[in-house]
There are 2 protein chains.
Amino acid sequence: MDINEKSFALGSKRSIIREIFEYSKTRAGEIGADKVFDFSLGNPSVEPPAEVDKAIKELLLTESATALHGYTSAQGDLAVRKAVSDNINSRFNLNLTPDYIYMTCGAAASLSICLNAVVNKGDECVVFAPFFTEYRVFVENAGAKLIVSMPEEKTFQINVSDLESKINENTKAIIINSPNNPSGVVYTEKTIKAVCELLERKQKEYGKVIYLIADEPYRELVYGNVSVPYLMNYYANTLVCYSYSKSLSLPGERIGYVAVNPQMQNAKNVYLAVCGAGRALGYVCAPSLFQRVILKCINAKVNVEAYEQNRNLLYNSLCEYGYECVKPDGAFYLFVKSPLESATAFYEMAKKFEILVVPCDDFGVSGYVRIAYCVDKKRIENSLPGFKKLAEILIKK
Amino acid sequence: MDINEKSFALGSKRSIIREIFEYSKTRAGEIGADKVFDFSLGNPSVEPPAEVDKAIKELLLTESATALHGYTSAQGDLAVRKAVSDNINSRFNLNLTPDYIYMTCGAAASLSICLNAVVNKGDECVVFAPFFTEYRVFVENAGAKLIVSMPEEKTFQINVSDLESKINENTKAIIINSPNNPSGVVYTEKTIKAVCELLERKQKEYGKVIYLIADEPYRELVYGNVSVPYLMNYYANTLVCYSYSKSLSLPGERIGYVAVNPQMQNAKNVYLAVCGAGRALGYVCAPSLFQRVILKCINAKVNVEAYEQNRNLLYNSLCEYGYECVKPDGAFYLFVKSPLESATAFYEMAKKFEILVVPCDDFGVSGYVRIAYCVDKKRIENSLPGFKKLAEILIKK
């Protein structure tokens, strides 16, 4: 072919989520949007906090337009990076400076940049099933091989002995995503400590650095008293990929950051490699208006309670009907065991009840579906009779 | 090294422009910003048109916040893409549909994505000196080899016979940047026709496609009656990389697009490869608020006259003092022959007069400096005595 085959393949094979999303739009046209119970997309349903609107209006009023919309330095505006590092320091008792923060166009950019910063051809990168499908794309595009570690049964915590069996002298990085997409699981401190101890041991054994990349777009979306360990406090060679897509409900604005742990081996060089990777991929700077919005909204919060209510309603109802669900402590996904052996078969059957869920084979775990409950509560309520009937048909009591 | 050496090298070697910019800030702190005549950065000095501010405020008022700041489809919001394709069609008498428009995070992203869409390892990509230094970064990151074609003397038009000598069976693409950064030259229709005829001939000779990538962030910044040929009208296998950074003075907001010519061989597949390349590089969608701003401001224009006045003042004055300048028909750069053999030596000498210009050796032409006149007119006026003294010292009459 005249063009790049990998790019063509990635562009022509839509992700299953996007496929379902397109079907949903068509079906809504046929029977009405309120009759289609679409749980496919991780698009926040909760409004951005009021501070965002206020911040934009203030910035338009008080800043010169050429400065507000002008280039910032490639790593991001200094005041913005300072606000980010101060925020991390105060929350997690650390000592980052703005020189270790690199503002990005969201979590996908953060991850793509981190991988291109540390990975060389032939390296391996371990991810934990179930994992966000795009990890494969970013890891392979950076030239590394994706290695999948299987989780503990039922709890879906990291299985540390499985992880150990997946680490070898080629392992360059592991990606931890907690709260997890698609399972909603938050890895416990016990799990994290065990993983970090293993990594320390393996670093010594192979005499090389293994980077821990923390992908944290869902950090702020946790329920009850659950806390999410901050990985820099457990492991020196940690890079954090953050995004405000979910924490401020701004997924389309593409704003996030990479934080490099100053305690990391050769931290300054790793940061420079992050800058260089961003440059090579065509990122000039993160969107300038929204950098300043972040500065003004660094402590703003979306209404997490709305997601928690959705979780409670959906989780409790589905458990009551007999479904086997992983209890999500965070994010806005419910991971449900398919009552049929094939998740795709269950997906097709649910479709007959106008319920759209995502079969998770591409996420590295077969026999499960993901239900994104970042939707209006009514949609959940109206979908419940369908879920109940499906259970009556499919689940043996 | 544990990290990726190429990324590290790109991050640790600052571009000369950034170096000068940092020096400028330090020097301004020492003697006052009004005493430093910094002509290093291509950051628009002209305000965005009033329509931009109005559009943002209207959008905040009329759109739901979750929709306004939510994900758009990966290729961009359909209504926005339709506005873009309609705009191209009406201006250049073409028949694009939204299915050939892919919204991007600005020109660098557009270019990086196009290259990753069409280039394979071992391919060659021809650029025309003088060329924007980042072309090398993007071409090499896509796995291709950068080949530099030298221009006509004095006019800095493309030298078609030099180009012919640089094309071979490995040539996959050429990048045309007109109005040109750093020369300000607009390639004439005669030049463009000759280039396109050559490309057609070479495609036949080698039995393969050679893509023409038009990098057009400066298209709207032209002076007098000069017109910039729209390359899709001259050559079928054309991709256009556009950005609103300069045309609407929004460089920090990272908003632009790729347009694929529907007349291109396998146009649909090339478009899919563009989508796939964007996905692989970590671009999820172009910033959503500014996509909608573009929809509302598609016909808005910055005050090009201000740049034209700057050009006239600077070009006329420097010619009068005896400098040899390339007359710029567009963009906001003046390309000046260094009175000393080494452009770097001239740069250092000009620095003593607090004048900061960019030596252009990295742009593929030695012995020239670039003066970015996207500055307040006063800065030019106040710098003229320094330029005059330098001429008196260095230029033999």
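Placed above this text is the structure.
What counts, and at which threshold
- Residues numbered from 1 in each chain as written.
- Chains lettered and ligands numbered in written order.
- Predicted model: local features only at pLDDT ≥ 70, side-chain atom pairs only at ≥ 80, totals over all residues.
- Heavy atoms only, no water.
- Salt bridge = Lys/Arg side-chain N within 4 Å of Asp/Glu carboxyl O.
- Buried < 20%, exposed > 50% of the residue type's maximum accessible area, 1.4 Å probe, protein only.
- Helix = DSSP H or I, 4+ residues; strand = E, 2+ residues; numbered from the N terminus.
- Least-squares fit on C-alpha atoms with pLDDT ≥ 70 in both.
- Pairing = 2+ DSSP bridges.
- Contact = heavy atoms within 4.5 Å.
- Polar contact = N/O pair within 3.5 Å; in protein donor to acceptor, adjacent residues only side chain to side chain.
- Nonpolar A, V, L, I, M, F, W, Y, C, P; charged D, E, K, R; others polar.
- Patch = residues over 30% accessible without salt bridge, like charges linked within 9 Å, V, L, I, M, F, W, Y side chains within 5 Å.
- Areas by Shrake-Rupley, 256 points an atom, 1.4 Å probe, with all protein chains shown as cover.
- Lys, Arg positive; Asp, Glu negative; His and termini not counted.
- Charge placed at Lys NZ, Arg CZ, Asp CG, Glu CD.
- Arc of directions from axis to C-beta.

*Asks:* Whenever I open this one, the pattern of salt bridges confuses me. Can you help?
*Replies:* Where side chains of opposite charge bring their charged atoms close, a pairing between them can arise. Residues and elements named next belong to chain B. All told, the structure shown has 42 salt bridges over all chains when counted by the stated rule. Between lysine 35 and aspartate 34 there is a salt bridge whose closest N-O contact spans 3.4 Å. Among the residues examined, lysine 35 registers a relative accessible area of 43% and is labelled partly exposed. The partner of arginine 91 in a salt bridge is glutamate 220, with the nearest N and O atoms 2.8 Å apart. Here arginine 91 is found in helix α5 (residues 78-92), whereas its partner glutamate 220 is found in the loop between β6 (211-215) and β7 (238-243), with 129 residues between them in sequence. Note on arginine 91: relative accessible area 39%, which makes it partly exposed. Glutamate 220 sits in the partly exposed class, given a relative accessible area of 23%.

*Asks:* Teacher, can you tell me more about the relation of the copies chain A and chain B here?
*Replies:* The two chain copies are related to each other by a rotation about an axis together with a translation along it. Superposition record for chain A on chain B: RMSD 0.0 Å, screw rotation 180°, translation along axis 0.0 Å. With respect to symmetry, the two chain copies, as superposed, fit the operation of a two-fold axis. Considering only C-alpha atoms, the part of chain A nearest the rotation axis is leucine 281 of chain A, at 3.2 Å.

*Asks:* Sorry, what's going on with the pairing of strand β2 (residues 101-104) of chain A here?
*Replies:* Sheet faces and side chains relate simply in a regular strand, where the side chains alternate between the two faces. All names here are of chain A. Alternating positions in β2 separate into two faces, Ile101 and Met103 on one and Tyr102 and Thr104 on the other, with burial throughout. Two strands pair when backbone bridges link them, and β2 and strand β8 (residues 256-260) are joined in this way by four bridges, in the antiparallel orientation. Across the sheet, residue tyrosine 102 finds its bridge partner in β8, namely valine 258.

*Asks:* In this structure, what is going on with the interface of chain A and chain B? I would like to understand it.
*Replies:* The figure often quoted for interface size is the accessible area lost as the parts come together. Of the residues lining the interface, 76 residues belong to chain A; the matching set on chain B comes to 77 residues. Where arginine 279 of chain A meets glutamate 134 of chain B, a salt bridge forms, and the shortest distance between an N and an O atom there is 2.8 Å. On the surface where chain A and chain B come into contact, there are 38 residue pairs in polar contact (both at pLDDT 80 or more). When residues of the side of chain A that touches chain B are traced back to their parent elements, those giving at least two are α1 (5-12), α3 (50-62), α4 (65-68), α6 (106-118), α7 (134-141), α10 (267-281) and α11 (288-296) of chain A. By residue number, the principal contributor to the side of chain A that touches chain B is α10 of chain A, which donates ten residues. Looking at the side of chain A that touches chain B residue by residue, the class counts come to 39 nonpolar, 23 polar and 14 charged.

*Asks:* Please clarify how the environment of alanine 343 of chain A should be interpreted in this entry.
*Replies:* Residue and element names in this part refer to chain A. Following the sequence through the fold, alanine 343 ends up in helix α13 (residues 343-351). Spatially, the C-alpha atoms of alanine 343 and glutamate 140 are 26 Å apart, while their sequence positions differ by 203 residues. For alanine 343, the residues in contact, after removing those within four places along its chain, are Ser338, Pro359, Cys360, Asp361, Gly367, Tyr368 and Val369.

*Asks:* How should I be thinking about a positive patch on the surface in this particular structure?
*Replies:* A surface patch of positive charge is lined by Lys6 and Lys121 of chain A together with Lys6 and Lys121 of chain B. Inspection of the secondary structure assignment puts lysine 6 of chain A in helix α1.

*Asks:* How should the sheet that holds strand β9 (residues 325-326) of chain B be read in this particular structure?
*Replies:* Each strand in a sheet pairs with another by means of backbone hydrogen bonds, the pair being arranged parallel or else antiparallel. Residue and element names in this part refer to chain B. Taken in spatial order, the four strands line up as β9-β10-β13-β12 in an open sheet, and their pairing is antiparallel. Two strands bound the open sheet, and with one partner strand each, they are β9 and β12 (358-359). In terms of strand pairing, β12 meets strand β13 (residues 368-372) through two bridges, oriented antiparallel. Bridging from a neighbouring strand, proline 359 pairs with valine 369 of β13.

*Asks:* Please clarify how α13 of chain A should be interpreted in this entry.
*Replies:* For an α-helix, the turn length of 3.6 residues means that residues three or four places apart are oriented alike. Residue and element names in this part refer to chain A. If you check which residues of α13 are buried, you get Ala343, Phe346, Tyr347, Ala350 and Lys351. Along the long axis of α13, the arc covered by the buried residues comes to 145°, so they all point the same way. Turning to α13, the residues buried within the fold contact α2 (16-31), β11 (355-356), β12 (358-359), β13 (368-372) and α14 (377-394).

*Asks:* Just checking my understanding: could you explain the side chain of glutamate 253 of chain A for this structure?
*Replies:* You can see glutamate 253 of chain A is positioned in the loop between β7 (238-243) and β8. Comment: no salt bridge for buried glutamate 253 of chain A; closest opposite-charge side chain is arginine 292 of chain B, at 6.2 Å. Apart from the residues lying within four places of it in its own chain, the contact partners of glutamate 253 of chain A are Pro287 and Phe290 of chain A together with Leu68, His69, Pro287, Ser288 and Leu289 of chain B.

*Asks:* Teacher, can you tell me more about the sheet that holds strand β10 (residues 333-337) of chain A here?
*Replies:* Residues and elements named next belong to chain A. An order of β9-β10-β13-β12 is seen for the four strands of this open sheet, with the pairing classed as antiparallel. Only two strands of the sheet have a single partner each, and these edge strands are β9 (325-326) and β12. As paired elements, β9 and β10 share two bridges and run antiparallel to each other. What sits directly across from valine 326, in β10, is phenylalanine 335.

Read these as geometric descriptors, not functional statements.
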